[in-house]
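Each chain, written out:
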Amino acid sequence: MTKILHRSIGASLPRAVAANGIFITDSEGRRYLDGSGGAAVSCLGHNHPEVLEAMSAQMGAVSYAHTSFFTTDIAEQLAEQLVELAPEGLDYVYLVSGGSEAVEAAIKMARQYFVEIGQPQRRHIIARRQSYHGNTIGALATGGNAWRRAQFKPILPETHHVSPCYAYRDMMDGEAQQAYTERLASELEAKVIELGADEVMAFVAEPVVGATLGAVGPEADYFKRVRQVCDTYGVLLILDEVMCGMGRTGTMFAFEQEGIVPDIVTIAKGLGGGFQPIGAVLLSKKIYRAFAEGSGLFQHGHTYIGHPIAAAAANKVVEILRRPEIMENLIKMGERLKAGLQAALGQSPHVGDIRGRGLLRGIEIVADRETKEPFDPARRIHAKIKKEAMQRGLMCYPMGGTVDGVHGDHVLLAPPYIIQPDQVDQIVERLAAAITATVES
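Quick summary incoming for the structure in this document.

What counts, and where the lines are drawn
- Residues numbered from 1 in each chain as written.
- Predicted model: local features only at pLDDT ≥ 70, side-chain atom pairs only at ≥ 80, totals over all residues.
- Heavy atoms only, no water.
- Pairing = 2+ DSSP bridges.
- Helix = DSSP H or I, 4+ residues; strand = E, 2+ residues; numbered from the N terminus.
- Axes fitted to C-alpha atoms, helices over the stretch in contact; angles between N-to-C directions.
- Contact = heavy atoms within 4.5 Å.
- Buried < 20%, exposed > 50% of the residue type's maximum accessible area, 1.4 Å probe, protein only.
- Lys, Arg positive; Asp, Glu negative; His and termini not counted.
- Salt bridge = Lys/Arg side-chain N within 4 Å of Asp/Glu carboxyl O.
- Polar contact = N/O pair within 3.5 Å; in protein donor to acceptor, adjacent residues only side chain to side chain.
- Parallel < 35°, antiparallel > 145°, perpendicular 65-115°, else oblique.
- Left-handed = near helix turned anticlockwise from the far one by under 90°.
- Nonpolar A, V, L, I, M, F, W, Y, C, P; charged D, E, K, R; others polar.
- Core = buried A, V, L, I, M, F, W, Y, C linked by side-chain atoms within 4.5 Å.
- Arc of directions from axis to C-beta.

**Description of the sheet that holds strand β10 (residues 279-283)**
Then, in step 1: With mixed pairing, 7 strands are arranged side by side in an open sheet as β4-β10-β9-β8-β7-β5-β6. Every other strand in the sheet has two partners, leaving β4 (92-96) and β6 (160-162) as the edge strands with one partner each. Neighbour-to-neighbour, the strand axes of this sheet turn through a mean angle of 20°, independent of strand direction.
Then, in step 2: Here strand β9 (residues 264-267) pairs with β10 via 4 bridges, running antiparallel. Note that in β10 the partner of I267 across the bridge is A280.
Then, in step 3: Most of the contacts of helix α8 (residues 177-195) go to β6, to which it runs at about 155°, and overall it touches β5 (124-128), β6 and β7 (200-205).

Here it is as structure tokens:
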């Protein structure tokens, strides 16, 4: 009997006992092809020798030093690397231990920024429906996933939500792409005005929506219009790249493909590659200066922020990600994965959309391809696909509630960037078989 409160009580989980490269092995000797990178985490695969060596070296030097007493060389090096990689305008780094912590810190940064500059009336957060920004109270409140929020709603801070950029379902018949983008920007602007043009502090969005929609990217110029609305009303733009960042979509930061720079960006998952829990917030110089020239502090902190071993792991992961061959392989394999999914599932009557960027790909499952009608949520199609895929030796990341938090199913793929062509083909083959077996049963 387990003494762990598992996510799903009563579930019979295989025990992972070994991992190497793109495979995880369980106690029965079965190997699983890690087609989802866990949850878009293992960007370099498992047990990368250079990362393990960097962690070991740091353990022999300084394994822990509280950041109210010390900084460390390795944390400073990581911050330097991240600022070097980031587009101009993101000049400082705040280290945390994961994605939810990063979003919490970003929200508090936004609030404190406006207090510091003499605009304490700014308090409202706007995000998008069907978004996911983490499971801590502030992050959960910011996210717009109805199912995740439901039972906790009475204790969540007030936040506000507008439509996602979800063209597959929300673009109207005959509506041009530019008109759709303009409609969404106008909705955001109207919400800012409704709440008070000088009372909104931040708009929060994932450049490519991961877990809750399944690799849904923005339409052309969407984020340029969002940036314009934020600038017009003095609202900070916070982009959440916990899942889609650190190269996952083909550029180190997903927002680079949108031609804009946020005021704050959150990263995690691929930052540490699963070797250690770590996340980070990158912030603009104007926010840093407001703190430095005001109270002289950021009124926030956790015990393990800037942890030296986590920083050592992330520093080496980032160093490896900067090697040209890594991103070249990611882009090439991303195109192979896209083509393979289209060939295997593009004509399936139960696959409505195949989407994504780089090595972040989503497949939306539907009861009827023509009408886009989702399956009855009681059938739990996404969970059955996961189970069927595991039986075939494939890890994928499924989610229900795609359409409205209750209806709709999708499967997310986010394999390690070191994946090879034959492994991409195996993912496609096993996933296509799992989806077909599930929807036809």
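**Digging into the side chain of D409**
Then, in step 1: Along the chain, D409 falls in strand β15 (residues 409-413).
Then, in step 2: Notably, D409 is buried but unbridged: the nearest opposite-charge side chain belongs to R380, and the N-O separation is 7.7 Å.
Then, in step 3: Here H382 takes part through its side chain, which lies 2.8 Å from a polar atom of the side chain of D409.
Then, in step 4: Excluding residues that lie within four positions of it along the chain, D409 makes contacts with I363, E364, I365, F375, R380, I381, H382, M399, G400 and T402.

**Focus on the packing of helix α13 (residues 381-391) against helix α14 (residues 421-439)**
Then, in step 1: Two elements in contact, α13 and α14, have axes whose closest approach is 9 Å; the angle formed by their N-to-C orientations is 130°. As far as their axial angle goes, α14 and α13 are oblique. Judged by the sense of rotation from one axis to the other, the crossing of α13 with α14 is right-handed. Facing I381, K384, I385, E388 and A389 of α13, the residues of α14 in contact are L431, A434, I435, A437, T438 and V439.
Then, in step 2: Grouping the constituent residues of the contact of α13 with α14 by class yields 8 nonpolar, 1 polar and 2 charged.

**A few points about the nonpolar core**
Then, in step 1: Within the largest apolar cluster, 95 residues are counted, with the highest numbers of intra-cluster contacts made by F203, L271 and L431.
Then, in step 2: Examining the composition of this core, we find that 10 residues originate from one element, helix α11 (residues 308-321), more than from any other.
Then, in step 3: Those residues in contact with L431, other than ones at most four positions away along the chain, are L341, I363, I385, L394, C396, V411 and L413.
Then, in step 4: Of all hydrophobic cores here, the second largest spans 27 residues; its members include Y113, I238, L283 and I305.

**As for the pairing of strand β2 (residues 23-26)**
Then, in step 1: By the bridge criterion, 4 bridges tie strand β1 (residues 16-20) to β2 in an arrangement that is antiparallel. When the bridges of β2 are listed, A16 appears paired with D26.
Then, in step 2: Between the antiparallel neighbours β1 and β2 lie 2 residues, among them G21 with a positive phi of about 60°.
Then, in step 3: Looking at chain direction, β2 and strand β3 (residues 31-34) are connected through 3 bridges and run antiparallel. Note that in β3 the partner of F23 across the bridge is L33.

**Overview of helix α10 (residues 285-292)**
Then, in step 1: Within the sequence span of α10, burial applies to I287, A290 and F291. Down the axis of α10, the smallest arc covering the buried residues is 95°, so these residues share one side.
Then, in step 2: Of the surrounding secondary structure, the elements contacted by the buried residues of α10 are α4 (99-116), β8 (236-240), β9 and β10.

**A few points about unusual backbone geometry**
Then, in step 1: Of note, the phi angle at A40 is positive, near 60°, even though the residue is not glycine.
Then, in step 2: Turning to its location among the elements, A40 is positioned in helix α1 (residues 37-40).
Then, in step 3: The backbone of K269 shows a phi angle near 30°, a positive value even though the residue is not glycine.
Then, in step 4: Mapped onto the fold, K269 is located in the loop between β9 and β10.

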